[in-house]
Structure formats: structure tokens, C-alpha cells
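Examination of the molecular architecture
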Amino acid sequence: MKNETYFKYFYILPFSGDTKSNLLIFIIFFLIYLVGVLVNSSIITVICLEVQLHKPMYLFISNLSIVDIFYTSVTVPKLLHILLSGNHIISFSKCYAQLYFFTVVANAESILLFIMAYDRYVAICLPLHYHRILSQRNCILITIGIWAAAFLNSIILVSSVFFMSSCHSNVIHQFFCHPKALTKTNCTGTIMLFVIVSIEMLILAVFPFVCTVVSYVNIFSVIFKMKSKESQKKAFSTCSSHVTIMTIYYGTGLLGYAIPSNSDVLELVGNTVFTAVIPMLNPIIYSLQNSNVQSALMGLVWGIGFLKNREKIKQKVS
């Protein structure tokens, strides 16, 4: 019989080396987390407050910001706690809960990026049918469907993890409970998890990506047929933010899965960019490249500044 050792907890070891560098790493990740949450919250706020942004495109952008807030909130706070306390232990239940919610937001973002591409496809290729296809009712149903599919798929994935047993090691060389890192600690049940993850990747990553590419092929074919340079420029500007985010998201994700299993450092860097840096960059890209979002953000800043100045004047007068 094979000799196996079973553990009661996981030991997260994201960074090796001198613990004196923990404070610097803490500051870096804290700033990334803070900027990401603040900028994404600002995007959600202006879209909710600005009536002109109550359109399908901006509904999906606000959902993307919600996903990005959850992305960092699921993974980074635990890392910050580890860096401050030096306690690297995480229970199985907390690890699986982190895995569950991480999978939820990963699935939601993948589907959401495809829906955003479809929104641009309808707006440019089928403009006369835009309000019928993407009516308020349909957009609400699409949003509910995105989150329902994400939560359901995560239940299936995490349920398969329960059939695995950690016996090789209980050390996770990542800063959170990543599925790929968990498979390195297990001696049984990994085949079933591999099959489920492969099916999940095919349905929720590869298929949406292919559909997105097809959408943009049709979009660009329509744009290049436009006679007006101004119309072409306007059409390209409405797609540039999404294309940039798609390139970064799928490029980093593909790189993460292409990295060999024994390259813990490269995996750590890839996952850091994927789960912490990209959620911070997404709203910045949209605010910089989308003039409507940019104007709304500036209006919010100026409005807050105006209210503060008015309060100061009232206090001086009184």
C-alpha cells in the first residue's frame, strides 16, 4: 500500500526569502488594491448617477468594475494579512471558499467580455435593431444569466475539489488558493478536476473568445466599408477600450496556463498580474479611452469640489 500523509490545513507561501521585504510587498499590494477598488467604485458611481450613461454598454462596464472589485477582494486581503501577521496557515474551508469566489469572478469576466463584444457588434453592424435586441429587459436577463452561470459552474468545480486528498504537500506556492497550485498538493482526484477544468475552459473561455473574435471580424469588416473617415474613427473609438482589455486579459491568461507547472515564480508573477494588476487597469483604460466615462468622472470630481467649497463659504458666513 502506498504511504500517504494527510493534512488538516494549507500553508500559503507566496514569497520566499528575507521577511524584511514583506513590508515593501505589503505596501505595493495594498496600493494596487486601494487604487483598484477606488477607481472601479468611481466608475460604478458615475454610471449609476449619470443618466446619459444608462445604456447597455455602460451597464456591462459597471458589471466589469464589480467583477474587478471582487477579483482583488477575494485574493489580496488574505495576502496582506499573511504579510503583516506572518501567519501563512489557511484552513481547507477558507481555501475552498476563496477558490469558489475566485472561480465565480473569473467565469463572470470571461462571459462578460464576450457580451461586451456582442454589444459592440449589434451597435455597429445592426444599429437599427440595437434597442430591440439589447432592451433594458434583455440586458437585465443577460446580467442575471452571467452571474447565475458563474455561480453554478463554480459549485461544480469546487465540488470536484472535495474528492481530492492533499498528501504530497500542504504548501501552496501562490498568494491564494489557485486551482493549478492546489493540484500540486494532491495525490488523488486530480484527473477528475483536470477533466472538469478542461470542459470549463472550453465552454467559458475558448468558446466566448472565438465568438468575440468572430464579432470583431464582422465589426471591422463593416468599419472598413464606411466611406466617412469620421465615422470610422468614431466606430474604432467605441471598440478600442474593449479590444485593449481583451488583449491584456486573454494574453495574460494564456501565458499563465502556458507556463510549465514547475515554474512557481513565473506562475506567481502571471497570477499577480491577472488577479491584481488587470482589475486595476481595466477602469483606467475605460476612463482614458471612453470620452463619455471621462466626462462623467470629471463632472463627479468637479461636483464634489463645488459642494465642498460651498460648505466652506457657508461656514465662513455663519
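Just so you know, these numbers come straight off a predicted model, no measurement behind them.

**Thoughts on the packing of aromatic side chains**
The full count for this structure, using the stated rule, is 18 aromatic pairs. Residues F209 and Y250 carry aromatic rings whose centres are separated by 4.8 Å and whose planes lie at 55° to one another, so their mutual orientation is tilted. Taken as a pair, F209 in helix α7 (residues 190–225) and Y250 in helix α8 (residues 229–258) lie far apart in primary sequence, 41 residues in all. Within the aromatic cluster, the residues linked to one another by ring pairs are F29, Y71, F102, F175 and F176.

**Topic: the nonpolar core**
Membership of the largest hydrophobic core comes to 72 residues, with the highest contact counts inside it found for I61, Y71 and M116. With 15 residues, helix α3 (residues 92–125) is the largest single contributor of residues to this core. In this view, I61 contacts I43, I47, M116 and Y286; residues no more than four positions away in its chain are not counted. Judged by nonpolar contacts, the second largest core, of seven residues, contains A117, I219, A235 and C239.

**Topic: the sheet that holds strand β1 (residues 9–12)**
Taken together, three strands build an open sheet; the order of strands is β2-β1-β4 and the sheet is mixed. Each edge of the open sheet is held by one strand with a lone partner, namely β2 (89–91) and β4 (171–172). Sheet topology places β1 next to β4; two bridges connect them, and they run parallel. Looking across to β4, one finds that Y11 is bridged to V171. Against the sheet, α3 engages β1, β2 and β4, with an angle of about 80° to β2.

**Quick notes on the state of the cysteines**
In this structure the tally under the stated criterion is one disulfide. Between the sulfur atoms of C95 and its disulfide mate C177 the distance is 2.0 Å. Torsion about the S-S bond of the C95 and C177 cystine: about -130°, corresponding to left-handed handedness. With C95 in helix α3 and C177 in the loop between β4 and α6 (179–183), the pair connects residues that are 82 residues apart, well separated along the chain. This pair shows no difference in class: C95 is buried, exactly as C177 is. Free of any disulfide, C239 has its nearest neighbouring cysteine sulfur in C125, separated by 8.8 Å. Overall, C239 belongs to the buried group, its relative accessible area being 2%.

**A short note on the packing of helix α1 (residues 22–49) against helix α2 (residues 56–85)**
Orientation of α1 relative to α2, taken along the N-to-C sense of each, is 160°, at an axis distance of 9 Å. One element, α1, and the other, α2, form an angle in the roughly antiparallel class. Relative to α2, α1 is oriented so that their crossing is left-handed. Taken together, the residues that form the contact of α1 with α2 break down as 19 nonpolar, seven polar and one charged.

**So, the environment of L268**
Residue placement: L268 occurs in helix α9 (residues 264–289). Taking C-alpha positions, L268 is 5.8 Å from Q174, a pair spaced 94 residues apart along the chain. The contact partners of L268, leaving out residues within four places of it in the chain, are P14, F15, Q174 and F175.

What counts and what doesn't
In this numbering scheme, every chain counts its residues from 1 along its sequence in written order. A pLDDT threshold of at least 70 governs which residues receive local features in this predicted model, and a stricter bar of 80 or more applies before side-chain atom pairs are shown or counted, although totals over entire chains, interfaces and linings include all residues. In computing side-chain properties, one takes all heavy atoms of the structure into account and sets aside hydrogens as well as water. The rule is short: rings of Phe, Tyr and Trp, with Trp giving its six-membered ring, pair when the centres are within 6.5 Å, and they are stacked under 30 degrees, edge-to-face over 60, tilted in between. Helix and strand definitions here come from DSSP, where helices need a minimum of 4 consecutive H or I residues and strands a minimum of 2 consecutive E residues; each element is numbered from the N-terminal end. Remark: nonpolar core denotes a set of buried residues (Ala, Val, Leu, Ile, Met, Phe, Trp, Tyr, Cys) joined through side-chain atoms within 4.5 Å. To sort residues, take the accessible area from a 1.4 Å probe on protein chains only and compare it with the maximum for the residue type: under 20% means buried, over 50% means exposed, and anything in between is partly exposed. We call two residues in contact when some of their heavy atoms are within 4.5 Å. Following DSSP output, two strands are said to pair if at least two bridges run between them. Every axis in this analysis is a line fitted to C-alpha atoms, fitted for helices over the stretch in contact. Angles between the N-to-C directions lie between 0 and 180 degrees. The rule for a disulfide is simple: a pair of cysteine sulfur atoms within 2.5 Å. Note on terminology: angles under 35 degrees are roughly parallel, angles over 145 are roughly antiparallel, angles of 65 to 115 are roughly perpendicular, and the others are oblique. In this scheme, a crossing is called left-handed if the near helix is turned counterclockwise away from the far one by less than a right angle; it is called right-handed if the turn is clockwise. Ten residue types, Ala, Val, Leu, Ile, Met, Phe, Trp, Tyr, Cys and Pro, are classed as nonpolar, four, Asp, Glu, Lys and Arg, as charged, and the remainder, Gly among them, as polar.

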